[in-house]
Amino acid sequence: MQLNDLRPAAGSRKNRKRIGRGNSSGHGTTAGRGSKGQLSRAGGGKGAGFEGGQTPLAMRLPKLPGFKNRNRIEYVPVNVSRLEGLYEDGETVDAETLMAKGVLKHDYIPVKVLGDGELTKKLTVKVDKVSASAKAKIEAAGGKVEEAC
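Here is what the cut-offs are and how they apply
- Residues numbered from 1 in each chain as written.
- Predicted model: local features only at pLDDT ≥ 70, side-chain atom pairs only at ≥ 80, totals over all residues.
- Heavy atoms only, no water.
- Helix = DSSP H or I, 4+ residues; strand = E, 2+ residues; numbered from the N terminus.
- Rg over C-alpha atoms; globule rule 2.2 N^0.38 Å.
- Buried < 20%, exposed > 50% of the residue type's maximum accessible area, 1.4 Å probe, protein only.
- Contact = heavy atoms within 4.5 Å.
- Lys, Arg positive; Asp, Glu negative; His and termini not counted.
- Charge placed at Lys NZ, Arg CZ, Asp CG, Glu CD.
- Salt bridge = Lys/Arg side-chain N within 4 Å of Asp/Glu carboxyl O.
- Polar contact = N/O pair within 3.5 Å; in protein donor to acceptor, adjacent residues only side chain to side chain.
- Phe/Tyr/Trp six-rings, centres within 6.5 Å; stacked < 30°, edge-to-face > 60°.
- Lys NZ or Arg CZ within 6 Å of the ring centre and 35° of its normal.
- Pairing = 2+ DSSP bridges.

S.K.: Hey, could you run me through the overall build of the chain in this one?
M.R.: The helix and strand tally for the chain stands at four helices and six strands. Ordered by position from the N terminus, the helices and strands of the chain form the series α-β-α-β-α-β-β-β-α-β. At 35 Å, the chain has a C-alpha radius of gyration far larger than the 15 Å of a compact globule built from 149 residues. Taking the principal axes of its C-alpha atoms as reference, the chain extends roughly 95 × 60 × 25 Å. The buried share of the chain, taken over its 149 residues, is 20%. A separation of at least 24 residues holds for 39% of the contacts in the chain among residues at least 6 apart in sequence. The averaged location of the 16 negative side-chain charges in the chain is 26 Å from the averaged location of its 27 positive side-chain charges.

Written as structure tokens, this is what we have:
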């Protein structure tokens, strides 16, 4: 047997139906669409989401209230309890060190330190925002806060 002897199994390959190629083909004139009516026309038929004259679902649902502020800044929250576990006494908390410790994916993401938990270590915090309770806990532990903005 040679490569040129190989053939597909009988009946496994079928020619496509070539419609609109003359009446002698058996699929000419109306090209299988029947005669007249919406579905026989070019571009005919119902649109996506048409529900037979019933009010479509997209129109029945209420519109969303309010709006999304395009200029909103999303801060990554980091609690003081997490800083307690990640940092040693006297270290500096900033975007680079948070990224190195796996808290942030990128160092350009804005960070806000929140006051949940306890802090006993003296840390220097240099992040974008610090809540009032977190600032009080950091300063009570002997650390200092330097907000970037």
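S.K.: What am I meant to see in the side chain of Lys121 here?
M.R.: Locating Lys121 in the fold gives a position in the loop between strand S3 (111-114) and strand S4 (124-125). The buried charged residue Lys121 lacks any salt bridge partner; its closest oppositely charged side chain belongs to Glu84, at an N-O distance of 4.3 Å. One polar contact links the side chain of Lys121 to the main-chain carbonyl oxygen of Glu84, over a distance of 2.6 Å. A distance of 2.9 Å separates a polar side-chain atom of Lys121 from the backbone oxygen of Tyr87. Sequence-distant contacts of Lys121, defined by excluding residues within four places in its chain, comprise Glu84, Tyr87, Glu88, Asp89 and Ala141.

S.K.: Where do I start with the packing of aromatic side chains in this structure?
M.R.: What describes a pair of aromatic rings is the distance from one ring centre to the other and the angle between the planes of the rings. Evaluated as defined, the whole model comprises zero aromatic pairs. Looking at Lys101, its charged tip hangs above the ring of Tyr87, at a distance of 4.8 Å from the centre.

S.K.: Would you explain the sheet that holds strand S1 (residues 76-79) in this entry?
M.R.: For sheets, the rule is that strands pair by backbone hydrogen bonds, running either parallel or antiparallel. On the basis of which strands lie adjacent, the open sheet formed by three strands has the order S1-S3-S5 and parallel pairing. On the outer flanks of this sheet lie S1 and strand S5 (129-130), each paired with one strand and no other. Relative to S3, S1 runs parallel, the two being bridged by four bridges. Bridged to Pro77 within S3 is Lys112.

S.K.: How should unusual backbone geometry be read in this particular structure?
M.R.: Trans peptide bonds make up most of the peptide bonds, and negative phi angles are found at most residues other than glycine. Not every positive phi belongs to a glycine, and Thr29 is a case in point at roughly 50°. Locating Thr29 in the fold gives a position in the segment before helix H1 (57-60). Residues other than glycine seldom take positive phi values, yet Ala31 does so here, at roughly 55°. Structurally, the position occupied by Ala31 is in the segment before H1.

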